[in-house]
Amino acid sequence: MKAPLSWLKEFVEIACSAEQLAERLTFSGLEVESVSADDPDLGGIIVAEILGVERHPNAENLSICRIHDGRSELQVVCGALNFAAGDKAAFAAIGATLPGGRTIEPASIRGVSSEGMLCAEDELGLSDDHSGLMLLPPDTPRGKRLSEIMGPPDPVLNIEVTPNRADCLSIIGIAREAAALLGKPMKLPHARLREAGGSIEDAVSVQVEDPGACPRYTARILSGIKVRPSPLWVRRRLMKCGIRPINNVVDVTNYVMLETGQPLHAFDISLLKGKRIVVRRAKPGERIKTLDEAERDLTSEMLVIADAREPVALAGVMGAAASGIVAATQTVLLESACFHPPLIRRTSKALGLASESSSRFEHGVDIMAVERSSRRAAALLSELAEGVAAKGVIDIFPIKPAPRRITCRFASIRKLLGVSIPASRIADIFKSLELKIVQGDGKTCSVQPPSFRMDLEGEADLAEEVARIYGLDRIPTAAPKCSPVPRADDSSIRAVMLCKSKLAALGLTEIMNYSFVSENLLNLFEPAGTERRVSLMNPISADQALLRNSLLPQMGETLRRNCARQAEEAALFEVGRVFSRDDTGALLEEERMALGLMGQAGRVGIGKNDIPTEEDVFLWAKGVFESFCRAMGIGLDGRSCLDAAAGLAVVRKADAGTSAGNGFPLACFENARAAFLLLDGATIGVLGLLKNDIRSDWRLRSPAALLEARLEPLISRAFEARHAKPAPAYPSVNRDVAIVVPMNVMHKDIVEVISKIAPKELTDIRLFDIYYGKELGTDRKGMAYSLRYRSPHRTLTDEEVNDLHSAIKAGIRNGLKAEIREG
Amino acid sequence: METRDIIRLKEKSLEECHLARDTDELEALRIRILGRNGLLPTIMKGLKDAAPSERPAMGRAANELKEELTALLEKRRGELAASASADRAIDAFDPTLPGRWRAMGPRHPISVIIEEAARIFATLGFTMADGPDIETEYHNFDALNTPADHPSRDAQDTFWLETGVLLRTQTSPVQIRVMEKQKPPIRIIAPGRCYRRDTADATHSANFHQIEGLYVDRNVSMADLKTDISYFAEKMMGAGVKVRFRPHFFPFTEPSVEYDFSCHLCKGRGCRVCKNSGWVEISGAGMVHPRVFEFVGYDPEKATGYAFGMGVERIAMIKYGITDIRLLYENDIGFLEQLSL
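Residues numbered from 1 in each chain as written. Chains lettered and ligands numbered in written order. Predicted model: local features only at pLDDT ≥ 70, side-chain atom pairs only at ≥ 80, totals over all residues. Heavy atoms only, no water.

Novice: Can you help me understand the overall build of chain A in this one?
Specialist: Assigned secondary structure in chain A consists of 21 helices and 40 strands. Computed over its C-alpha atoms, the radius of gyration of chain A comes to 42 Å, more than 25% above the 28 Å expected for a compact globule of 823 residues. Based on the C-alpha atoms only, the size of chain A along its principal axes is roughly 130 × 85 × 60 Å. Here chain A holds 823 residues, and the buried ones make up 51% of them. (Helix = DSSP H or I, 4+ residues; strand = E, 2+ residues; numbered from the N terminus. Rg over C-alpha atoms; globule rule 2.2 N^0.38 Å. Buried < 20%, exposed > 50% of the residue type's maximum accessible area, 1.4 Å probe, protein only.)

Novice: What exactly am I supposed to notice about the pairing of strand β4 (residues 63-68) of chain A here?
Specialist: Remark: a regular strand shows side chains that alternate across the two faces of the sheet. Residues and elements named next belong to chain A. The element β4 is largely enclosed, with a buried count of 5 among its 6 residues. Of the strand pairs in this sheet, β4 and strand β5 (residues 73-78) are connected by 6 bridges, and their pairing is antiparallel. Directly across from I67, in β5, lies its bridge partner L74. (Pairing = 2+ DSSP bridges.)

Novice: Mind showing me how you'd approach empty space enclosed by the protein here?
Specialist: Taking a probe equal in size to a water molecule and rolling it over the atoms shows the remaining empty space. With the rule as written, the count across this model stands at 4 cavities of 30 Å³ or more. Roughly 390 Å³ of volume is contained in the largest cavity. Along the walls of the largest cavity sit 20 residues, with V496, K500 and E591 of chain A together with P191 and G192 of chain B positioned nearest its centre. Looking at the lining of the largest cavity, the elements with two or more residues in it are α14 (491-505) and β31 (570-581) of chain A together with α5 (109-122) and β5 (186-195) of chain B. Of the residues that constitute the lining of the largest cavity, the class distribution is 9 nonpolar, 4 polar and 7 charged. Of the pockets and cavities examined, the second largest cavity occupies roughly 90 Å³. Lining the second largest cavity are 13 residues, with G29, T162, N164, R165 and R468 of chain A positioned closest to its centre. Taken together, the elements giving at least two residues each to the lining of the second largest cavity come down to α13 (459-470) of chain A together with β7 (243-250) of chain B. When grouped by side-chain class, the residues that make up the lining of the second largest cavity number 3 nonpolar, 5 polar and 5 charged. (1 Å grid on protein atoms, 1.4 Å probe; cavity = no way out; pocket = protein on both sides within 12 Å on 5 of 7 lines; lining within 4 Å. Points joined across faces, edges and corners; volume = space filled by probe spheres on them. Nonpolar A, V, L, I, M, F, W, Y, C, P; charged D, E, K, R; others polar.)

Novice: Honestly, the pattern of salt bridges in this entry has me stumped. Any pointers?
Specialist: For side chains bearing opposite charge, pairing can occur when the charged atoms are close. For the structure shown, the criterion picks out 87 salt bridges over all chains. When the shortest N-O distance is used, the salt bridge between E148 of chain A and K144 of chain A registers 3.7 Å. (Salt bridge = Lys/Arg side-chain N within 4 Å of Asp/Glu carboxyl O.)

Novice: Could you clarify how one ought to interpret the sheet that holds strand β8 (residues 253-262) of chain B in this entry?
Specialist: To summarise the sheet geometry, strands pair through backbone hydrogen bonds and adopt either a parallel or an antiparallel arrangement. Residue and element names in this part refer to chain B. Spatial ordering of the open sheet is given by β1-β5-β6-β10-β9-β8-β7, a layout of 7 strands whose pairing is mixed. Strand pairing shows two members of the sheet lacking a second neighbour, β1 (127-128) and β7, which therefore form its edges. Judged from the 8 bridges that link them, β8 and strand β9 (residues 279-288) form a sheet pairing that is antiparallel. Directly across from Y259, in β9, lies its bridge partner S283.

Novice: I tried to follow helix α10 (residues 370-385) of chain A on my own but got confused; where do I start?
Specialist: For an α-helix the count is 3.6 residues per turn, leaving residues at separations of three or four pointing the same way. All names here are of chain A. For α10, which comprises 16 residues, the first-to-last C-alpha distance of 22 Å matches the rise-based estimate of 22 Å (1.5 Å per residue) to within 8%. When you tally the buried positions in α10, you get 12 out of 16 residues, the bulk of the element. Every buried residue of α10 is accounted for by V370, E371, S373, S374, R375, A377, A378, A379, L380, L381, L384 and A385. Here the buried face of α10 lies against β13 (216-223), α6 (232-240), α7 (248-260), β14 (264-268), β21 (332-338) and β23 (394-396). In the stretch just after α10, E386 is the one whose phi turns positive, near 60°. (Expected span 1.5 Å × (residues − 1). Contact = heavy atoms within 4.5 Å.)

Novice: Help me understand the confidence of the model for chain B in this model?
Specialist: Where the model shows low pLDDT, its predicted coordinates should not be examined in detail. Residues at a pLDDT of 70 or more form 99% of chain B, whose mean pLDDT is 90. The ipTM value of the predicted complex is 0.87, and its pTM value is 0.85. (pLDDT = per-residue confidence, 0-100.)

Novice: Can you walk me through the confidence of the model for chain A in this structure?
Specialist: All names here are of chain A. Per-residue pLDDT for chain A averages 91, and the proportion of residues at 70 or more is 97%. Counting interchain partners and residues more than four positions distant, the pLDDT-below-50 stretch residues 638-648 has 27 contacts. Ignoring residues within four places in sequence, the model shows residues 651-659, a span with pLDDT below 50, making 22 contacts including any to other chains.

Novice: In this structure, what is going on with the packing of aromatic side chains? I would like to understand it.
Specialist: Geometrically, a pair of aromatic rings is defined through the distance of the ring centres and the angle of the planes. Scanning the model with the defined rule gives 20 aromatic pairs over all chains in all. For the ring pair F525 of chain A and W698 of chain A, a centre distance of 6.1 Å and an interplane angle of 35° mean the geometry is tilted. Of this pair, F525 of chain A sits in helix α15 (residues 519-525) while W698 of chain A sits in the loop between α18 (692-697) and β36 (704-710), and the two are 173 residues apart along the sequence. Aromatic pair Y138 of chain B and F295 of chain B: ring centres 6.1 Å apart, planes at 70°, arrangement edge-to-face. (Phe/Tyr/Trp six-rings, centres within 6.5 Å; stacked < 30°, edge-to-face > 60°.)

Novice: What am I meant to see in the interface of chain B and chain A here?
Specialist: How big an interface is tends to be expressed through the accessible area that disappears when the partners come together. Listed per partner, the contact involves 89 residues of chain B and 90 residues of chain A. Between chain B and chain A, the buried area comes to about 7,500 Å², and carbon and sulfur atoms account for 57% of it. Here chain B and chain A share 12 salt bridges between them. Our count for the chain B to chain A interface comes out at 45 residue pairs in polar contact (both at pLDDT 80 or more). Each residue belonging to the side of chain B that touches chain A can be placed in one class, and the counts come to 38 nonpolar, 22 polar and 29 charged. (Buried area = accessible area lost by both parts, 1.4 Å probe. Polar contact = N/O pair within 3.5 Å; in protein donor to acceptor, adjacent residues only side chain to side chain.)

Novice: Any chance you could explain the sheet that holds strand β37 (residues 733-742) of chain A here in plain terms?
Specialist: Residue and element names in this part refer to chain A. Here 4 strands make up an open sheet; going across it, the order is β38-β39-β37-β40 and the pairing antiparallel. The strands lining the two open edges of the sheet, one partner per strand, are β38 (762-771) and β40 (819-821). Taken pair by pair, the neighbouring strands of this sheet meet at an average axis angle of 30°, ignoring direction. Inspection of the sheet shows β38 paired to strand β39 (residues 780-789) by 8 bridges, in the antiparallel sense. By the bridge assignment, I765 is partnered in β39 with L787. Packing against the sheet, helix α21 (residues 798-816) makes contact with β37, β38, β39 and β40, and its axis sits at approximately 15° to β37. (Axes fitted to C-alpha atoms, helices over the stretch in contact; angles between N-to-C directions.)

Novice: Would you explain the packing of helix α8 (residues 341-351) of chain A against helix α9 (residues 356-363) of chain A in this entry?
Specialist: Two quantities define a packed helix pair, namely the angle between the axes and the distance from one axis to the other. Residues and elements named next belong to chain A. With their axes 7 Å apart at the nearest point, α8 and α9 run at an angle of 140° to one another. Between α8 and α9, the angle is such that the two are oblique. As for the relative orientation of α8 and α9, their crossing is left-handed in sense. Contacts between α8 and α9 involve P341, I344, R345 and S348 on the former and, on the latter, S358, F361 and E362. Here the residues of the contact of α8 with α9 sort into 3 nonpolar, 2 polar and 2 charged. (Parallel < 35°, antiparallel > 145°, perpendicular 65-115°, else oblique. Left-handed = near helix turned anticlockwise from the far one by under 90°.)

Novice: It is not clear to me how the nonpolar core should be interpreted in this structure. Could you clarify?
Specialist: Generally speaking, a soluble globular protein has its nonpolar side chains buried in company with each other. Counting 172 residues, the largest nonpolar core has L417 of chain A together with F261, F308 and M310 of chain B as the members making the most contacts within it. Those residues within four positions of L417 of chain A in sequence are excluded, and the remaining contacts are A463, V466, A467 and I475 of chain A together with S221, M222, A223 and P255 of chain B. Core analysis: the next-biggest nonpolar cluster, separate from the first, contains 44 residues, L272, I288, I367 and F397 of chain A among them. (Core = buried A, V, L, I, M, F, W, Y, C linked by side-chain atoms within 4.5 Å.)

Okay, here's the thing in structure tokens:
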């Protein structure tokens, strides 16, 4: 809402500056976003009298004017037609600068010299009117400065009105706030209307079919209307408030709407069939062409103003093009009504059509002021359009709302605000806001809010009125109270935070992607399972039309983006939610973690520019995850300890591209370079290398490892109690074993065989070398393990260890068809 | 030259030999004393001109000079050569090479602000609570006293998933979820993602984070709200921060306020981050609306409470001088590393 200061001053005395007023309003709940000064600088413009007019000898459209600017007689060439000798017009003399920045110089126009410029309003920055010279009243003295006539600069307050303060969508509403803050009375002149025409009942009949949707409807008739442009002061105010002037009739309805908050509509009564107004629901199949020239299909949800035959306005939203005010309009029906706010809002939303009028009706208008605003508009139409008002007003207002009463306990107000305000001060605040105290004692009172304060319903609302006028800055602060709530448990949320700290401690950079993704990206990573995706009904763009069902697509894209920005390596993690549907279509969301590694992320220092192998990158990602799991308390107790390090089994997965991914994308991984992560036998995640096709498309130099896992199983042991064991009392003995096995035998196979036959003295199995060599051929490899033996009861002898070790070697030889290398 | 001069020369030469810093200095000393044109041959030549009684003593002194100096030169040459080769070994060790260790990864500014806020509010007895991103219209709007067809919904343009199901536009539905399950007293903060159908620009993101706060007990007041927000501001931004409260409107609080922090970057003088106002709007707060208490089955005559929501991105932006919110979701490694959070 824009409020010119001069307009506010019509209703309340304001001695302070616009900026000071803005500050007061902002800190009492009407946020003034800015104070704009949009008045043109008319410093050099004066009033000149036109003494005589001649045709220009060389140009048909120009005339030569003799003028007097108060000091001397001058000759000026002019292109306008709207004046005659004796008129007073705005004049820019030689040397004067127009608000647009142009400085007037002596000129010769088609051979005739011109000593200045007679100006139209648009040239002076006062309006967009270029239809003729800006003429001034005949009694204006020659040479008077235009700036004196226009008055001092009139700053405009741009106010963000909150949805509860419908009353402040008006100049009077804002003036009331100012009055309460400044402690000044409101000046609300009573509009005097001379009703000189015939009886209104003879001119029109009004029927409200749906009083629920239209609790009050008033109509007035004004005849003898002369449609023409409004005077400049009306147009200036409308423009300052962001409304384009049309003609005096439409301008008056807008002017009064801005002033009072009551939207008004003017119909040309000659265009109303049957001289009838019917307020009713639209009929199925009915259409209306609104003032903006759009054809609109109506439904029975919508309320229309109809004549005897068809809708002439979409109630509260916009009039029909066919019933509007035209130049020839002589008799006007002036509508001022109150409509049910949700109905207007639904209509406006359904048609995608919002207007100054619909916005005010949505917020609610003061039902008690409907007729008063109509009277004000009719009086203005008499003044500005020579309208003659018919006798009386049609006012259909079947159910008058009873005044609201709110009980106010002073003690409750003090308790809620935490400040001891005396009852008398509270009462004063109520009075300043026109809240009537109908009865009361020192402890409570009964308050009757004015009809325009529809937002005030309960005691808390009254507390807010007190707080904002008293001043929030006067509510004291103290030392904070600290009172922990028993039983409150937030360990699962803290565990998620702990995850992030641990992952960062492992050297990974935390990233955060949007929850929205594009369909293309999801398809690239996993085309299967589209029926489980979650799409937005109203996305901003196709790029952000789906909710992510995995963290991996964006993790991949983040690697790509950073690679394009010349990052040689990346080790990233994200913790976030993903969204999907289950078999029944129900919506699910789940917290997950993801890792993304590329480049020499597992090595530091020299050798950074070498491209790592696929195995390097995969194992670095695996290693980070294993360390992370240990940090989260998984595998410490040996539970599900298949892969000795982490309590996780890494399983080869050769058939990527099916929908068997347990909710994880698989198509993004290179074939046979991915593995499911298992915990306690359940799949909790997936780890793999980005498919080579994508990698080369994206120009990633290095292999990229991607890992995603459900967070819930990983955090479940984060805060479990951990128990320390004493350090071993007896030394351990290490024995190495070097094995030659077929290439397809994996580390895990060897560990399984050893573990199966391991005596209780075997405490550790550690791989320390892998060897590929000519003498082994291409289908065999050597693997060397260090086995550690220890007894908790005594120091083992060499012979004992040798026996244990020999048994294990025999077991390996038999179990794996492996060759044991001695020496 | 007399015998004692020769002895003095010997002592001086031996001392120089001890003090020599390298083999070049030793060689220079040898040439000066023992060389063909050195001092010793000159002394030896001079012996024949000396008094016969002096001659044996002088000869003895000259011999001692020669022998002792030769021996010491030999010894010192060995020592200096050894220490020179030891120096060469130290040269190969270069402590100025880049250190070799993986750095700790930088945390995302949003996570850091959330953890810091959780830590600060924990000191006041707040624990964390959580709610889903996919919310019902009931929890996100209706139970927060924001009925359909009311203009107060306009402030929050909503992403819908299906009829009655949406992406939460605020963390406030967590208030409802917590109060539905639990009786007062309640002291929670609820950090989380929120979504609004805003076109992205330097200060708006369709995907952003809030930290909800809710404190419900018998005697919670606006003064408590001001106190706790101010305490938080000081702990989060530093002692110099100023907080100001402005009356505002939210459907689920009454009275409602908005609060601003003084701009951390320019110390209130005006800069790009605060749009030259010296203040940055952090978010809204207020006293829980009695109707919200009714929705969750509390007696509004008994329960009082405050609630607040904070824009996490806003805090991160003023705290770290980030001028465009989109940088927080671009995940540029260089950007994240320079903050080293």
